6 protein chains.
Amino acid sequence: MNDAKISRFPTPQISDLPDDIRARILAVQEKSGFVPNVFLVLARRPDEFRAFFAYHDALMDKPGNLTKAEREMIVVATSNANQCQYCVVAHGAILRIRAKNPLIADQVAINYRKADITDRQKAMLDFAMKVALKAYAIGEDDLAALSAHGFSEEDAWDITAIAAFFGMSNRLANVTSMRPNDEFYMLGRT
Amino acid sequence: MNDAKISRFPTPQISDLPDDIRARILAVQEKSGFVPNVFLVLARRPDEFRAFFAYHDALMDKPGNLTKAEREMIVVATSNANQCQYCVVAHGAILRIRAKNPLIADQVAINYRKADITDRQKAMLDFAMKVALKAYAIGEDDLAALSAHGFSEEDAWDITAIAAFFGMSNRLANVTSMRPNDEFYMLGRT
Amino acid sequence: MNDAKISRFPTPQISDLPDDIRARILAVQEKSGFVPNVFLVLARRPDEFRAFFAYHDALMDKPGNLTKAEREMIVVATSNANQCQYCVVAHGAILRIRAKNPLIADQVAINYRKADITDRQKAMLDFAMKVALKAYAIGEDDLAALSAHGFSEEDAWDITAIAAFFGMSNRLANVTSMRPNDEFYMLGRT
Amino acid sequence: MNDAKISRFPTPQISDLPDDIRARILAVQEKSGFVPNVFLVLARRPDEFRAFFAYHDALMDKPGNLTKAEREMIVVATSNANQCQYCVVAHGAILRIRAKNPLIADQVAINYRKADITDRQKAMLDFAMKVALKAYAIGEDDLAALSAHGFSEEDAWDITAIAAFFGMSNRLANVTSMRPNDEFYMLGRT
Amino acid sequence: MNDAKISRFPTPQISDLPDDIRARILAVQEKSGFVPNVFLVLARRPDEFRAFFAYHDALMDKPGNLTKAEREMIVVATSNANQCQYCVVAHGAILRIRAKNPLIADQVAINYRKADITDRQKAMLDFAMKVALKAYAIGEDDLAALSAHGFSEEDAWDITAIAAFFGMSNRLANVTSMRPNDEFYMLGRT
Amino acid sequence: MNDAKISRFPTPQISDLPDDIRARILAVQEKSGFVPNVFLVLARRPDEFRAFFAYHDALMDKPGNLTKAEREMIVVATSNANQCQYCVVAHGAILRIRAKNPLIADQVAINYRKADITDRQKAMLDFAMKVALKAYAIGEDDLAALSAHGFSEEDAWDITAIAAFFGMSNRLANVTSMRPNDEFYMLGRT
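Counting starts from 1 at the beginning of each chain's written sequence and moves along it residue by residue. Here chains are named by letter from A upward and ligands by number from 1 upward, in the order in which they appear as written. The predicted nature of this model means local features are confined to residues of pLDDT at least 70 and side-chain atom pairs, given and counted, to a pLDDT of 80 or more, with totals for whole chains, interfaces and linings taken over all residues. The side-chain figures draw on all heavy atoms in the structure; neither hydrogens nor water molecules are used.

Focus on the overall build of chain A
Working step 1: Of the regular secondary structure elements, chain A holds 9 helices and 0 strands.
Working step 2: A run of H or I in DSSP counts as a helix once it spans at least four residues, and a run of E counts as a strand once it spans at least two, with each numbered from the N terminus. If you list the helices and strands of chain A from N to C, you get α-α-α-α-α-α-α-α-α.
Working step 3: This radius of gyration counts C-alpha atoms alone. The globule rule is 2.2 Å times how many residues there are, raised to the power 0.38. What you see for chain A is a C-alpha radius of gyration of 17 Å, in line with the 16 Å of a compact globule of 190 residues.
Working step 4: Across its three principal axes, chain A shows a C-alpha extent of roughly 50 × 35 × 30 Å.
Working step 5: Type-normalised accessible area, obtained with a 1.4 Å probe on protein chains alone, sets the label of each residue: buried when under 20%, exposed when over 50%, and partly exposed for intermediate values. Buried residues in chain A amount to 62% of all 190 residues.
Working step 6: In chain A, the proportion of contacts linking residues at least 24 apart, taken out of those at least 6 apart, comes to 66%.
Working step 7: About 7,000 Å² of surface is accessible on chain A, with carbon and sulfur atoms providing 52% of the total. Residue contacts are counted whenever heavy atoms from the two residues lie within 4.5 Å of one another. Here the open area of atoms and residues is found with the Shrake-Rupley method and a 1.4 Å probe, where only the protein chains shown may cover a residue.

A closer look at the packing of aromatic side chains
Geometry of an aromatic ring pair is reported as the spacing of the ring centres plus the angle between the planes.
Working step 1: Classification of ring pairs uses Phe, Tyr and Trp, with its six-membered ring standing for Trp, and accepts pairs whose centres are within 6.5 Å; under 30 degrees between planes counts as stacked, over 60 as edge-to-face, and the remaining range as tilted. All told, the structure shown has 64 aromatic pairs over all chains when counted by the stated rule.
Working step 2: Pairing Tyr86 of chain F with Phe184 of chain F gives two aromatic rings, centres 6.1 Å apart and planes at 85°, and the pair type is edge-to-face. You can see Tyr86 of chain F sitting in helix H5 (residues 85-99) and its partner Phe184 of chain F sitting in the segment after helix H9 (153-176), a full 98 residues away along the chain.
Working step 3: Charge-over-ring placement is defined geometrically: NZ (Lys) or CZ (Arg) within 6 Å of the ring centre, and within 35 degrees of the ring normal. The side chain of Arg44 of chain A reaches across the aromatic face of Trp157 of chain B, ending 4.9 Å from its centre.
Working step 4: Over the aromatic face of Phe151 of chain E sits the side chain of Arg120 of chain E, whose NZ or CZ is 3.9 Å from the ring centroid.

Here's the deal with the side chain of Ser79 of chain E
All names here are of chain E.
Working step 1: Within the fold, Ser79 resides in helix H4 (residues 68-81).
Working step 2: Using a relative accessible area of 0% as the deciding quantity, one classes Ser79 as buried.
Working step 3: If we skip the residues at most four places from it in the chain, Ser79 touches Cys84, Cys87, Val88 and Asn170.

Focus on unusual backbone geometry
Glycine aside, residues mostly have negative phi angles, and peptide bonds mostly take the trans form.
Working step 1: Residues other than glycine seldom take positive phi values, yet Ser177 of chain B does so here, at roughly 55°.
Working step 2: By secondary structure assignment, the location of Ser177 of chain B is in the segment after helix H9 (153-176).
Working step 3: Assessed through its relative accessible area of 23%, Ser177 of chain B is described here as partly exposed.
Working step 4: With a phi angle near 50°, Lys100 of chain F is a residue other than glycine that sits in the positive phi range.

A word on the relation of the copies chain B and chain A
Working step 1: For the pair chain B and chain A, the relating rotation is 180°, the translation along its axis is 0.0 Å, and the fit reaches an RMSD of 0.0 Å. In short, the pair behaves as if placed about a two-fold rotation axis. Residue Ala51 of chain B of chain B places its C-alpha closer to the rotation axis than any other residue of that unit, at 2.5 Å.
Working step 2: Interface overlap between copies is the fraction of interface residues in one copy that are interface residues in the other; for chain B against chain A it reaches 100%, indicating a shared surface. Here the copies are superposed with least squares, the fitted atoms being C-alpha atoms of residues at a pLDDT of at least 70 in both.

Here we look at the interface of chain B and chain A
Working step 1: Contact residues are listed per partner, giving 42 residues for chain B and 42 residues for chain A.
Working step 2: When two components associate, each loses some accessible surface as probed by a 1.4 Å sphere; the sum of these losses over both components is called the buried area. Between chain B and chain A, the buried area comes to about 3,900 Å², and carbon and sulfur atoms account for 65% of it.
Working step 3: Considering only the side of chain B, the residues that lose the most area to chain A are Tyr55, Trp157 and Arg171 of chain B, jointly responsible for 21% of the buried surface there.
Working step 4: By definition here, a salt bridge exists when the distance from a side-chain nitrogen of Lys or Arg to a carboxyl oxygen of Asp or Glu is within 4 Å. The interface formed by chain B and chain A holds 8 salt bridges in total.
Working step 5: Here Arg45 of chain A makes a salt bridge to Glu154 of chain B, at a shortest N to O gap of 3.0 Å.
Working step 6: Counted as a polar contact is a pair of N or O atoms within 3.5 Å, where, for protein atoms, one must be capable of donating a hydrogen and the other of accepting one, and residues adjacent in sequence contribute only when both atoms are in side chains. Put simply, chain B and chain A have 14 residue pairs in polar contact (both at pLDDT 80 or more) between them.

Notes on the confidence of the model for chain A
Working step 1: Residues of chain A with pLDDT of at least 70 account for 98%, and the chain-wide mean is 97.
Working step 2: The ipTM value of the predicted complex is 0.97, and its pTM value is 0.97. Per-residue confidence from the predictor is given as pLDDT, running between 0 and 100.

Examining the environment of Cys84 of chain D
Working step 1: Examined against the element boundaries, Cys84 of chain D turns out to sit in the loop between helix H4 (68-81) and helix H5 (85-99).
Working step 2: Taking C-alpha positions, Cys84 of chain D is 30 Å from Asp19 of chain D, a pair spaced 65 residues apart along the chain.
Working step 3: In this structure Cys84 of chain D touches Ser79, Asn170, Ala173 and Asn174 of chain D together with Ile110 of chain E, once residues within four positions along its chain are discounted.

Description of the packing of helix H9 (residues 153-176) of chain C against helix H9 (residues 153-176) of chain D
Working step 1: Here an angle of 0 to 180 degrees is reported between the N-to-C directions of two axes, which are lines fitted to C-alpha atoms, with helices fitted over the stretch in contact. The geometry of H9 of chain C relative to H9 of chain D is characterised by a closest axis approach of 9 Å and an angle of 160° between their N-to-C directions. One element, H9 of chain C, and the other, H9 of chain D, form an angle in the roughly antiparallel class. For the crossing formed where H9 of chain C meets H9 of chain D, the hand is right-handed. Of the residues in H9 of chain D, those in contact with Trp157, Thr160, Ala161, Ala164, Phe165, Met168, Arg171, Leu172, Val175 and Thr176 of chain C of H9 of chain C are Trp157, Thr160, Ala161, Ala164, Phe165, Met168, Arg171, Leu172, Val175 and Thr176 of chain D.
Working step 2: Gly falls in the polar group here, along with every residue not listed as nonpolar (Ala, Val, Leu, Ile, Met, Phe, Trp, Tyr, Cys, Pro) or charged (Asp, Glu, Lys, Arg). Looking at the contact of H9 of chain C with H9 of chain D residue by residue, the classes come out as 14 nonpolar, 4 polar and 2 charged. Roughly parallel here means an angle under 35 degrees, roughly antiparallel means over 145, roughly perpendicular means 65 to 115, and every remaining angle is called oblique. Each crossing is labelled by how the near helix is turned from the far one, with a counterclockwise turn of less than a right angle marking it left-handed and a clockwise turn marking it right-handed.

A word on the packing of helix H4 (residues 68-81) of chain B against helix H7 (residues 119-134) of chain B
All names here are of chain B.
Working step 1: The N-to-C vectors of H4 and H7 enclose an angle of 45°; their axes lie 9 Å apart at closest approach. Judged on the interaxial angle alone, H7 and H4 are oblique. As for how H4 packs across H7, the hand of that crossing is right-handed. Taken together, the residues of H7 that come into contact with H4 (itself represented by Glu70, Met73, Ile74, Ala77, Thr78 and Ala81) are Arg120, Gln121, Met124, Leu125, Ala128, Met129, Ala132 and Leu133.

Things to note about the arrangement of the chains
Working step 1: No interface is formed between chain A and chain D, the nearest pair of C-alpha atoms being 19 Å apart.
Working step 2: Taking C-alpha atoms as the reference, chain B and chain E come no closer than 19 Å and do not contact one another.

Let's talk about the side chain of Glu48 of chain B
Working step 1: With respect to the helices and strands, Glu48 of chain B occurs in helix H3 (residues 46-60).
Working step 2: In this structure the side chain of Glu48 of chain B is engaged in a polar contact, spanning 2.7 Å, whose partner is the side chain of Arg45 of chain B.
Working step 3: Each residue touching Glu48 of chain B, except ones within four places of it in the same chain, is listed here: Tyr55, Ala58, Leu59, Lys62, Trp157 and Ala161 of chain A.

Re the pattern of salt bridges
Working step 1: Inspection of every chain in the model, using the stated rule, returns 96 salt bridges over all chains.
Working step 2: Put simply, Asp19 of chain C and Arg22 of chain C hold a salt bridge, and the shortest N to O gap is 2.8 Å. Residue Asp19 of chain C and its partner Arg22 of chain C are located together in helix H1 (residues 19-32), separated by 3 residues, close to a single helical turn.
Working step 3: A salt bridge links Glu154 of chain E to Arg44 of chain F; the nearest nitrogen and oxygen atoms lie 2.5 Å apart. Note that Glu154 of chain E is positioned in helix H9 (residues 153-176) and Arg44 of chain F in the loop between helix H2 (37-42) and helix H3 (46-60), a pairing that runs across two chains.
Working step 4: A network of salt bridges, in which partner residues are shared, links Arg44, Arg45 and Glu48 of chain A together with Lys62, Glu154 and Asp158 of chain B.

Concerning the environment of Ile21 of chain D
Residue and element names in this part refer to chain D.
Working step 1: Relative to the helices and strands, Ile21 is located in helix H1 (residues 19-32).
Working step 2: With 29 residues separating them in the primary sequence, Ile21 and Arg50 have C-alpha atoms 7.6 Å apart.
Working step 3: Once residues lying within four places of it in the same chain are set aside, the contact partners of Ile21 are Ala43, Pro46, Phe49 and Arg50.

Re helix H7 (residues 119-134) of chain D
Working step 1: Expected span of a helix: the number of residues minus one, times 1.5 Å. A rise of 1.5 Å per residue sets the reference length of H7 of chain D, with its 16 residues, at 22 Å; its end C-alpha atoms lie 22 Å apart and thus fit the reference within 8%.
Working step 2: Along H7 of chain D, the residues classified as buried are Gln121, Ala123, Met124, Leu125, Phe127, Ala128, Met129, Val131 and Ala132 of chain D.
Working step 3: In the core, the buried residues of H7 of chain D are packed alongside H9 of chain C together with H4, helix H6 (104-111), helix H8 (140-148) and H9 of chain D.

Overview of the environment of Pro46 of chain C
Residue and element names in this part refer to chain C.
Working step 1: With respect to the secondary-structure elements, Pro46 resides in helix H3 (residues 46-60).
Working step 2: Along the primary structure Pro46 and Gly150 are separated by 104 residues, whereas in three dimensions their C-alpha atoms are 40 Å apart.
Working step 3: Once you skip the residues sitting within four places of it in the chain, Pro46 turns out to touch Pro18 and Ile21.

Structural notes on H1 of chain D
Working step 1: When the terminal C-alpha atoms of H1 of chain D are compared, their 20 Å separation across 14 residues agrees well with the 20 Å that a helix rising 1.5 Å per residue should span.
Working step 2: At the C-terminal side of H1 of chain D, Gly33 of chain D shows a positive phi close to 90°.

Structure, rendered in structure tokens:
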């Protein structure tokens, strides 16, 4: 395990955390084999931690038309536009796993227009990138473009909310200098 | 009351909402005399609603060195940079009330560098605007500039988290075309 | 009356001004009940003052198809894009009065795409914003879009000239740190 | 003489113009040997024409510390940033003549940082470019930088007003597709 | 001859250069009457010099559908977007000569949309400018727009390669502060 | 092997290529175990191919103070800024190998400010990114910042030339939709 600092801010010991937060972290560790640093970096603010992960789960774990891989594509593409190292590396790993495709995360991160994804998925990412970069200009035309690719109103909300939530996450990660765990880099590549 | 659409997406009837959400909305209505539209627009997704307001409260209602007015300044300045009508109008109202100053919200929204606020508050907003607009480039120099004005590490986190959270909120409001309630425009002006 | 500085540069006493300038200022004061600071800030350069207001009047007081409220919409939308506190606050007041609508100025300033205005007025502001932000790229398509909404060639000139003139005014106000009079903030709100 | 269109909008015959405007145009023609197109393009709006040239003369012909060549440098540098063909070509000619330097206009237009001008003039153009491109962010530091090069408060106003006025002019010229007279291209080159 | 520095970096004596490089330089001098500074500035790195000019010649001297003047238009338009003084001045001279048009280089440099060129040439420059400024977003639509104006696949490659090569050249010239020879300014103007 | 298209343009058969180009390609294949697609995509233009690789080798294989890993860092950081999928993936692989560090390429690509590299290397990348994104503004201060970290004048040239050359390469790859070979993704990760 790497001993580099995982945050510009102090991070708590797991043993000092409120029970519910410690339990969540231990459950993740059990499942993944390591504790993703975002849990430790955000745990110093328990109420914010709880809200952050409740929001995350509401968007990423809920049922819906977007596949889990598609949701991760949104995270990866917008996070590279925001130059967020933690989010691209960590969610790149999840994208590779969800899509069962070792190449897709790097492709989507760097330039999704050239990725091995469908035209429908490119339209989804066009919309997500506009949410990330100039949401103020989104209008009926943008929603119609989604609809033309078969996305429903609920899907449009999902794309928006995921791009918006991770825009927040990207900013937190960049200011805290949140370090991606070494483990993420290789996940899903083989 | 104005009958213009408050969202591009359908909004639920208050009577159809889960109990906890309906209770929160009725409490706000009781206190404010009207239901701010953000509650109705987000209520169609109960889990996201709960997480959104839990996060909001964790940042805006918690104790801390930043005054309530200062937190609202961050919201107002960054929301105008993101061209978010709902957030500038609604939080502009709250800022006027918190600061007991009828002019401050418009000043901070349009160009905080010219507002009737302290140099320390301008430094706070310089940092918040960088979080909103290019968080990827924030470095030690930016944190040192905050520190030179007496902001602690906890304050830096607060400024960051508020700017990041409302960056998410701005994007949701812009895509949904969330309409500010007419009531907000005059609050705190007299 | 607020005694904050109204300009980064010295401002003359009304009594020291050339007769024509003093007369104009007194006439405005008579009509409005106060002297808008732009008159005092620019008065230190009498020739520039005369040209500025002659130009202003030629664009804003002349007959033409654009209503007075529409002209003020152009000023308000482009001035917020240029982050000009004086112009948004002062012309926001005039817009509220001209449109007899207490909400419209804040809406148009923050994001005109969501304002309670007609599609034709949004097309007018699309054009005006392009004049303000990238006039070099305006081409036949942009003029055709205006024409499709019933704007004549004379109207296109008016929109252009108003956006261009207030782009100058925004820059003067930002460099001088021209302070909006306190009186403007409430005008037309009730 | 080239018979290409000089404006996207109709231009009047000189003989149809109000006396004062016709007189001014004939005087310029007498002096220069041709009528610069800006006079014809703007003449269709006599009141705007009068205000435009009164403003122009107040800034460009008045006494002051900035040399006439320096004023033209401001016009040329900011007009290329705004991609204004008329202004770069016409004022480039005037700059060459005022500075008695056949190379300077092209240098200043393309990248003033590499031009054969003094460090003081580069500081003047740094300020002028900031007025043109992001006046909202101009602060005490920018004025102090001017002052460190010996520019007075009056000079700062002059630089500002010239950059702002020609920013307006650039926008008018770009929307009208104002064509530079062929004569300008060679003036001052030999 | 002007004795201003031609580069921020040391430049070799022609007599000290490898034979092939000296021969090339003397041949250019023979033909043009002077040695364009780019040869002297790059000669300090013989291998890079050879590759640079081999690439240049492969793009600019080869047969193909684009006329020599059209290739120079691409250089001039993109080089002004990159604010490269050397490239705009030197290739502006070549463009005037190739096109036998003393006005065209200044027009294309400042705003090609207003230049005396064909609609087909404007489409060529739209594409070239997108290569220069946001190549990552070029897609089938952009290539179809070229094709609609009769450009072949080979032409599309040529436009791309010229814009890309001179984007490199612009960056080298800006960092080295490569000075255009005085001789270029007047070439092709009379 | 993946049979996806490697270029938007036709690519030649290796057997049809001129001897020197075929020999170079076979040598690369011998050494790497596969033919990087850039060789095939560019081979359709033999003269440009030769110049491109001669330039490449002159910058990347020559002796000098910058380590081979440092040169690749420049490629990777600037190529992600230009959203070039081929260059980030292919040179990311080379960077991992040169630096014997499986994590470094992703870190440098996404946000080099947070990468596990030295402050000196971050200064090198600050300069390289300015060459890539706004070379026109590079001045003595930027060179002094390099010098303060011990970079020589030759090093400054190297950094500049590498950033400029790959800026060209990024544009070629984006317009051709050059596909990174599948093999690159895993190289140097284990």
